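# Observations on the model geometry
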Amino acid sequence: MLPLLSLTLATLLVGTLGTFFAGARARWVALATSILFLLEVALLFLNYSGWPGYNGSLVPGFSESESYAWIHLSWLQINYTVGVDGISLVFVLLTAILQIATVVYSWGETRRPGAYFGLVLLTCLGSFGVFVALDILLFFLFWEAVLVPMFFLIGHWGGPHRRYAALKFFVYTHVASIVMLVGLLALVFYSGATSFDFAAVYASARSLAAVPQTFLFLALFFGFGVKFPIVPFHTWLPDAHVEAPTGGSVLLAGLLLKLGGYGLIRWAVELLPSGLHTTQPLLFFIAFLSIVWGSVLSLSQRDLKRLVAYSSINHMGIVLLAIALDSSLGLIAAVLLMFAHGIVSGLLFMTSGSVHHTFGTRDIPSVGGITPTTPALSTMIMAGSLASLGLPALISFPAEFTALLATWNGLHYWVFVPLGILVVTAAFYLWMMQRLLFGPPKGIPREAHDVPWYEGAGMGILVLFTILFGILPGLLVNVIVSSPIRGWPGT
Amino acid sequence: MDLSSFAGPFLPEILLLAGTLLVFLFDVLGVRTTERVGAVAVGATALALLFVVADLGFAPLTFLRTIPAGQLDAAASGTPLYAFTSLGLVFQAIFLLATLLVSLASLSRPSRDRGAPIFFGLLQLAALGMLLVALASDLIFLLLAIEVTSIATYLLVAYTRHDSRSLEAAMKMYIIGALSTTLSFFGASLLYGAYQTTSLLAIARDGGAAGFPVLVLLGYGFLIVGLAFKATLVPFHAWAVDAYDGAPTDVTAFLAGGSKKVGLFAFFLIFLAPILFVRAAAPGGSPFTSGAVALGPVLQITLSVLAVGTMTLGNVLALLQKEMKRMLAYSSISQAGYMLIGIAVGTAPALAGATLQIFAHVFMKTGAFLLVAGVTAWGVGPLIDDWKGLGTRRPFVGVAFALMLLSLAGVPLTVGFVSKFVLFSAAVQAQGYFVWLAVAGLLNSALSVFYYARVLRVMYFEEPAARATPTGAVAGGSEPPVLPAGGLGYGRATAILLAVVLIVAVGVYPQPVLGAIQAAATHFVNLGA
Amino acid sequence: MVLSFAVVGLAGPRLKRLEYGGWVAVGFAGAALVVGALIAAGEMLNPGQYTNAQYTWFQLPAAPGVFPHGFELVAGTLVDPISALMLLVVTVVGFVVMLYSIDYMHHDRGLARYYAELSLFLAAMTGLVIANNLFEFFVFWELVGVCSYFLIGFYYEKPSASSAAKEAFLVTRVGDVMFLLGIFLYFYNYAVLGPANGWAANGFVFVNGNQPFLAGVMGGNSTLLTVAGIMILGGAAGKSAQFPLHVWLPDAMEGPTTVSALIHAATMVAAGVYLLAVTSLFLGFTATDQLLIVAVGGFTTFFAATMAVVHPDIKRVIAYSTISQLGYMVLAIGAGFAMVGLFHLFTHAFFKALLFLAAGSVIHAVGTQDLFKMGGLRKPMRLTAAAFAIGGLALSGIPPFAGFWSKDDILAAVYSQLGSHPAYWPFFLLAFAAVFLTAYYIFRAWFLAFSGDGPRDPTLAPAHEGSWVMQVPLIVLSALAVGSGLLIFWPNFQTLLLSGAGAAGIPPVYGPTDLLLSGASVALGVAGIGLAWTLWGNGKVYALSETSVAQPIRRLLLNRYYFKVGYDWIGARGVYSVARAADFVDQFVIDGTVHGFERMFAALSERLRRIQSGFVSDYAAYVVAGLIAVFVLLLLVAPYLVSMAGGG
Amino acid sequence: MTDLALVGFVTLSAALLAIGLFGILTRRNFILLLIAIEIAMNAAILNFVYFAAYAGGTAGLTGQAIAVVLVGFAATEVAVGLAIVLALNRLKGTINVAQATELKL
Amino acid sequence: MTLAELAFVALALVAVATAILSLLVRELVHTILWIAVFFVDLSAIYFLLDAPFLGVLQLGVYAGAVTVLLLFGIMVTRKRIFSREAATGIGAVPLALAVVTFIFVISVIGEFPQSGGTIHAYAPADLSQNLFNVNGPWLLLLGLIMLGAVGGAIYLVREGRE
């Protein structure tokens, strides 16, 4: 069989390198890579016969898996092992979509385009790697590989405080990933796993006693949680988002936050059931805190990007809540939510970037009534906001519905917290739209005109997927459900 | 003593000794051009390296073996004073690699340097001392072998005898070195008093049974301090920064990449036995009965504290450094902390991890210093800010230096990452409180990223300052460097290329190197038990 | 067929973008009307049929402990008596309003947007009506909410319009959230706790095959059901602007009048009532819920009517009236007579749309909404005046206009329950009293606008009647306002209502069963008209003196009992202050801690640098000090630690 | 054969070491530093000698052999130190270590 | 107290005193004097310990060679040989460090017998046998050290001509 995943990795790698050296023609190379990537992901989906059974491949429960020896010592067995299951597949799709949208959106980038597009592709390459890696070292490698390009994207193409933001981003996530690495190593060695492969760890870790599981889970949770980000380790996020260039923000919100969620599901929840069980109250607390905090803070933001950034905290809080519920419905919801948030927040960051390009500021109070000037942009803002506040027929809705239903099933009346916050979420988006889009025009520069075609196209791609999966979420859910997750029937 | 059976295993050492004597002879004969003298040194070092690698049993080279396979790692091999262990051979290879890199790069030193024979002679002598350290199985043998290296390096640091900085560096290094030597010998004397022998193997077999716990502990304490000088552990590191700064940069490269490792290997030799003995004799229990202390854990705790203190302080101090060499010096100090983790944990995997870290550090730090030396020759100032825009102006030098820094920072797909990964994995694998060592090490490596990233930022994101640098070779952009191979000279360029290739190659596929090191470490651990 | 209609409806908006678009929309609305009418006719000719069709959205297999009966979300259509009734309302009013818009909106910008949104609304509304499960219901429920949001904010450059849109969305959002929770509760009760009856496995579907699920059959946890009922009530209250979530509807009058007629009178606001009816028929309410619903409905009826009494804005008067009338429907459903409530919904949709369109006609003509500036309009606008009068009479419950039959039905139905549920008494009385107020305020409006000799504000544009596209709807709706009530005498329609009501197992009440009651209500209506005539008739303007005791009451009513002020205060002061405070904490406490660490490291590094004095004696001192430190560790600290750890 | 208590030797060598260390810490003249180092070194040599004297047998011989080697080593070390002193003196005109603080921080 | 013990105490006191004096006197030549006495005194202690070979070596190497070397060093670096060292006083911190070290080291005496102990004498022939055969590598190493020292030191002090 074709080593499809390795091929895809190779495609991205070659594309990235090509982009770096392509100079002014970088965007074409990047676009070609993105299209190829998307096609390969489509092929992955078509080949995925996961539901309801799994094809008999090397790693149980994963299809397309490949495994080659990498480092083999008596006590250290590390392989290059990749594979996808339903959950990773969804994230892979997200990566492909965001990559192509970002590339198209950034078509007009003129400052060192080779490096810019190369870094964008590298970020996506890393994310893709994270989603398909089934070996702890490989996973960590890709995990770190995402960090570096993002650091440069923020640090070189970012706003006025970019260096501060880049450093803050780097420090937070790097420290977190270190704790995560220790947790993963401890996971291997305390469980006595025969290798670093997911399958081996899975076989041994789940039978660990509750106490070590709890400690391991906490370490991993911290490591992944900072990426989420969980309150109170979230302050890097608004800064990083605000200072990052638009493409960077999109990938940051769309992909990087998802890495945390994916990692938590793949490397903590699936491996440490008792750990999850004992830490559940803490997770709930943090999830509620993040939900409330992100939402309330969004209300007080003046900067459009900050607003979206804080709303990300809120949304990812719901994701955490869904994961913490420890139920299959919760996990489906979490994955769906992350997919949805990836696309919607990407869209919102694109719009805020366009607002910035068009009006020279993102300060909500100083611009108003932009709809007559920029109808297309306004439509996109509306679409993004409405999707984000959970409008049916747009992608967030099925996810939020499932998440809340799962929350009710698990926590009963506590569901009032996220439910109540839905109103606040609606409030700040509506308030933002009221101030920014509607009302009499103010603060609009004379030369302002609607967004250039490529920005519109970039956003359009995301809107398209927002609607597509909003109407047919079953396309995703059926894939997710096929993953062998505890609580699933038959596993 | 049969000479042939003696000469065989010692072929690498004899080669170096011959090289040393030859270049000293050159000095007498008046053959003093750098290239000719250097060629001898490079040749001797490379040959020695070849034999050492062959002895390790690498497949295509096995016909060059000088030590029969059976004699390696056998407790009875050699005399009580020295033994052929595969870990020792690995370290010999590491030392020879460092020497080779420095020798190669030094070929590009000014051709008319009259002191070339002395320089290369001392270099080889120091290398010889290091090789002997790797063979030691006796405390006094070990300390004396270290002194061979020390004396040679004092003089190497002072080598540019008309530079007051160089002499000051040598003076500081000498004073602290002599003090440390004294303390080491004092410690050795106390251990001798306790065990009535200086054979490390015998001490290992005796273990904690000597009956003088305080005497033993004091002896080990003195030894820790004495060796800490060489290994630049905090707070015994202060000389190192000044010495690294003041010494000729090529010598600095040798100090950081080569001779400092001697101290670390000495730690392995001396402290592994008591730590392991305790583990083997009394798993889980106290070996010192009747109210005394457990020697192994006590040593481990002390070494852990030193390790953590070293890496933390090294990193914190590196944060605000403005000079390139001093920043690298502090970084080197913090790296020693990581390496010490290996012996503090004291398992075969940890030893392997530390060894790999030491191995990696050779390319990273030696390479970096050699590169700094080359760049300094262009007239680039000593400050980090003097490197502004270098990355874009000199893409290949920039990429090489960036790779070395990234490897030092432990970025994946470089050897620096693999070594840290293995080391910290081993710490975690040992479980217990060693996990905290891993955490501390990892947090420190996060801290270290700051100053490495700063250099990268200066090199790539900032435009060169308007002021003209002293000779204006690069920053001024007018005068092209006279040396070939990108202005570095062929020798230096080769050395740097070699370092970079190894950084990436071992970083991507570490299995051959790591496998050999792991096997050696396992043998080493079994030897003591 | 029904599905294809929904698809066409959805496709509509895209077609509109091509052209100026109004007529295309009208065409589609017409097609919808035809289809809707056919469906309704089918149901009416053959009442009591349940036609169900569905498509699986996504599903999870059954898992013990988690979903004992599986979990499935479906999209489907269900045609049953109530949806047929509702479908008729939606399509008819939709078509009529669409037609009316052609002329009414003629001068506005952004017409494509208008028609697109209106079409989308119609599609969503029909979707809601024919949804076969609660989940799908919720989806369309939200969609109509969004359309309403856009249409209220149609004049988005007016700050008040965008603010009203936001307010409407937010307030209904509160209801939506409760509705959502209600769904969860029902799901949990029936799908997880309850027996394997297939309800949840099919994903909140109302019918089992071709039969409705009956709440009584399914049983379950009564506390849970009660809470669920309250949540549904909350959702309905938000959408149907019931107390205390009523504040948004009057403000929603910022939208075009056509929108008010369609969405905020006839259809969307009725969705809340429809939801209550559906729930009552298919899932059932507990007794506590019923009382609560009755209370909310009855109180709102009176409460809203009082506010309408003094308002000077013609549209707002009608808006308050809508709230009040919706209260009647809620009251009926609460008392257990869902079909009676729906009947009122049916008739009310026509006469209220008529009132709005007539009012729109007036506004179109004179360009103001202030009643006190108008006057004497009956002469230039005979048709409008007549239409408004017909609507007013229907609203006031004067036979034989439609409102009489349905409202009287409600009063009679509730009255019939008073014996067994004495707690209904106060709310019945409030509702009864509201009849009087209703008649009074609507005719106050009529007299102010149409009677007298001419406009009180001379600057008003000279009034004129609209073109035929505006007149036809008025005529059609007038006819329906008169005739729709009479349908009650058609046996098939009776059967339709019966079959719907029968689904809930409650005997139907229709027709004037209690003449005394009917007489009393008619008398009250007439009295109200009379009072209006006395005070405002013939161009008179009755003014309360500033010193009058009634003045504070008037001010209270004009300020809508200060509800809006209170809500705004909570929103702007309460929540926003909390948000600001949280922002402060975030920036200075959480981030401040981080910066503190940063500074600490910098200071540490700076201070530690000084130990590198360059003085070799100091270095030697460090060595000796280090030596001592190592001794301390080796001899004192480490042995202690080791012994603490138990020798290992 | 004489009888002597080990305790006294230990105390003496400890004292000599302490004096040597003290000298290293306080003296500024390079040559005095060398002297201080030699005093400390002699403490170590003394240790070997008396431990050897108490050990007996091959072990004792080894100890004395070490002492012999160390004496030689110490002398060599002093020679190297003096070479540095002389070079420093030639360049700076002083051998006061307090005046050689060019490299710091 | 035996005669040997008495002698030891006396010699020890002299050793300590001369060591301190050599470091504290301000005249450098006096320093050399005291250190020479110190070396001789130690040599005497070695004789007392029945290690005559070492005693002689100590006399030859230390009291002889090293002392001369140091004297030579002073002569070269001083313009006037009898110049005085600037007073540096006794720092409290160095003193404390030294004393604490001393205390730590003598804490071992608790493990030793408080009196007695046989002193073994070794024949110089045995010693040389040991030195040149079993422990030959030590001398080899010493040779290497000396090789480096000689080569480097000569280079260092030789007047450069560049």
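Residues numbered from 1 in each chain as written. Chains lettered and ligands numbered in written order. Predicted model: local features only at pLDDT ≥ 70, side-chain atom pairs only at ≥ 80, totals over all residues. Heavy atoms only, no water.

### Topic: the overall build of chain B
Each helix and strand counted, chain B has 21 helices and 0 strands in total. Split into buried and exposed, the 529 residues of chain B put 70% on the buried side. When contacts within chain B are restricted to residue pairs at least 6 apart in sequence, those whose partners lie at least 24 apart make up 79%. Per element, the accessible surface of chain B, about 13,700 Å² overall, is 68% carbon and sulfur. (Helix = DSSP H or I, 4+ residues; strand = E, 2+ residues; numbered from the N terminus. Buried < 20%, exposed > 50% of the residue type's maximum accessible area, 1.4 Å probe, protein only. Contact = heavy atoms within 4.5 Å. Areas by Shrake-Rupley, 256 points an atom, 1.4 Å probe, with all protein chains shown as cover.)

### Details of the interface of chain C and chain D
Opposite the 13 residues of chain C that make contact, chain D presents 12 residues. Of the roughly 920 Å² buried between chain C and chain D on both sides combined, carbon and sulfur atoms contribute 73%. Where chain C touches chain D, the interface holds 0 salt bridges. For the pair chain C and chain D, the number of links is 1 residue pair in polar contact (both at pLDDT 80 or more). For the side of chain C that touches chain D, the element with the highest residue contribution is helix 23 (residues 616-644) of chain C, accounting for 7 residues. (Buried area = accessible area lost by both parts, 1.4 Å probe. Salt bridge = Lys/Arg side-chain N within 4 Å of Asp/Glu carboxyl O. Polar contact = N/O pair within 3.5 Å; in protein donor to acceptor, adjacent residues only side chain to side chain.)

### Describing helix 3 (residues 34-55) of chain B
Given a rise of 1.5 Å per residue, 22 residues ought to cover 32 Å, and the 31 Å separating the end C-alpha atoms of helix 3 of chain B matches this to within 8%. Downstream of helix 3 of chain B by one or two residues, B:Gly57 has phi in the positive range, about 95°. (Expected span 1.5 Å × (residues − 1).)

### Thoughts on the side chain of B:Ser448
Residues and elements named next belong to chain B. Along the chain, the position of serine 448 falls in helix 18 (residues 434-461). On the basis of relative accessible area, serine 448 is assigned to the buried category, the value being 1%. Non-local contacts of serine 448, meaning those with residues more than four positions away in its chain, are made with Asn315, Tyr338 and Ala409.

### Some words on unusual backbone geometry
A:Val231 connects to A:Pro232 through a cis peptide bond whose omega is 5°. Inspection of the secondary structure assignment puts A:Pro232 in the loop between helix 8 (210-227) and helix 9 (236-243). Cis geometry is adopted by the peptide bond preceding B:Pro235, which originates at B:Val234 and carries an omega value of 5°. Here B:Pro235 shows up in the loop between helix 9 (213-231) and helix 10 (238-246). We note that B:Gln196 has phi near 60°; this positive angle belongs to a residue other than glycine. Counting through the fold element by element, B:Gln196 comes out in the loop between helix 7 (164-195) and helix 8 (200-206).

### A closer look at the domain arrangement of chain E
For chain E, the assigned domains are domain 1 (1-84) and domain 2 (122-162). For domain 1 of chain E versus domain 2 of chain E, the distance between C-alpha centres works out to 23 Å. (Domains from an automatic or database assignment.)

### Some words on the interface of chain E and chain D
The interface is formed by 82 residues belonging to chain E together with 74 residues belonging to chain D. Across the chain E/chain D interface, buried area totals approximately 6,700 Å², and carbon plus sulfur atoms make up 78% of it. Of all residues in chain E, the largest losses of buried area upon contact with chain D belong to E:Leu23, E:Tyr62 and E:Tyr122, amounting jointly to 11% of the total for that side. Our count for the chain E to chain D interface comes out at 7 residue pairs in polar contact (both at pLDDT 80 or more). Counting residues per element, the ones that place at least two in the side of chain E that touches chain D are helix 1 (3-24), helix 2 (28-48), helix 3 (52-77), helix 4 (92-106), helix 5 (124-134) and helix 6 (136-157) of chain E. Of all the elements, helix 3 of chain E adds the most residues to the side of chain E that touches chain D, at 14 residues.

### Concerning the environment of C:Trp468
Residues and elements named next belong to chain C. Within the secondary structure, tryptophan 468 sits in helix 18 (residues 468-483). Exposure remark for tryptophan 468: the relative accessible area of 54% places this residue in the exposed category. For the pair tryptophan 468 and alanine 168, spaced 300 residues apart in the sequence, the C-alpha separation amounts to 33 Å.

### Re the packing of aromatic side chains
Counting across every chain of the model gives 91 aromatic pairs over all chains. Centroid distance B:Tyr244 to B:Phe369: 6.1 Å. Interplanar angle 85°. Geometry classified as edge-to-face. Residue B:Tyr244 is found in helix 10, and its partner B:Phe369 is found in helix 14 (residues 348-377); the two are separated by 125 residues along the sequence. Ring geometry for C:Phe138 against C:Phe179: centres 5.3 Å apart, planes inclined by 65°, an arrangement best described as edge-to-face. Highlighted residues: C:Phe138 in helix 5 (residues 134-152) and C:Phe179 in helix 6 (residues 159-193), separated in sequence by 41 residues. The same class applies to C:Phe138 as to C:Phe179, namely buried. Among the aromatic residues, those joined into a ring-pair cluster are A:Phe397, A:Phe401, C:Phe135, C:Phe137, C:Phe138, C:Trp141, C:Phe179, C:Phe184 and C:Tyr274. Above the ring of A:Phe198, the side-chain terminus of A:Arg266 is found at 5.5 Å from the ring centroid. Here the guanidinium or amino end of B:Arg161 rests over the ring plane of E:Tyr155, the centre of that ring lying 4.1 Å away. (Phe/Tyr/Trp six-rings, centres within 6.5 Å; stacked < 30°, edge-to-face > 60°. Lys NZ or Arg CZ within 6 Å of the ring centre and 35° of its normal.)

### Re the confidence of the model for chain E
Counting all residues, the mean pLDDT for chain E is 84, and 89% of those residues have values of 70 or more. Scoring the predicted complex yields pTM 0.86 and, for the interface, ipTM 0.87. (pLDDT = per-residue confidence, 0-100.)

### Describing the environment of C:Pro312
Residues and elements named next belong to chain C. Positionally, proline 312 belongs in the loop between helix 12 (287-310) and helix 13 (314-334). Residue classification places proline 312 among the partly exposed positions, given a relative accessible area of 24%. Taking C-alpha positions, proline 312 is 9.0 Å from leucine 558, a pair spaced 246 residues apart along the chain. Other than its neighbours up to four places away in sequence, proline 312 contacts Gln369, Asp370, Leu371, Phe372, Arg444 and Leu558.

### What to know about the nonpolar core
Side chains of a nonpolar character, in soluble globular proteins, are inclined to be buried together. B:Tyr220, B:Phe271, B:Trp387, C:Phe388 and D:Phe30 are the most contacted members of the largest nonpolar core, which has 779 residues in total. If one sorts the elements of this core by residue count, helix 2 (residues 30-55) of chain D sits on top with 23 residues. Mapping this core onto the domain boundaries places at least three of its residues in each of domain 1 (1-84) and domain 2 (122-162) of chain E. Ignoring sequence-local partners within four residues, the contact set of D:Phe30 consists of B:Met171, B:Tyr174, B:Ile175, D:Gly81, D:Ile84, D:Val85, D:Leu88, D:Ile95 and D:Val97. (Core = buried A, V, L, I, M, F, W, Y, C linked by side-chain atoms within 4.5 Å.)

### Description of helix 23 of chain C
End to end, helix 23 of chain C covers 39 Å across 29 residues, agreeing with the expected 42 Å (1.5 Å per residue, within 8%). Residue C:Leu633 marks the point of greatest curvature in helix 23 of chain C, where the axis turns by about 40°. (Bend = angle between axes of the 7 residues up to and from the residue.)

### Quick word on a nonpolar patch on the surface
Taken together, the side chains of A:Ile467, A:Leu468, A:Ile471, A:Leu472, A:Leu475 and C:Tyr55 define a hydrophobic patch exposed on the protein surface, amounting to about 500 Å² of accessible area. The element that contributes the greatest number of residues to the nonpolar patch is helix 17 (residues 453-471) of chain A, accounting for 3 residues. Mapped onto the fold, A:Leu468 is located in helix 17. When its relative accessible area of 35% is taken as the criterion, A:Leu468 is described as partly exposed. (Patch = residues over 30% accessible without salt bridge, like charges linked within 9 Å, V, L, I, M, F, W, Y side chains within 5 Å.)

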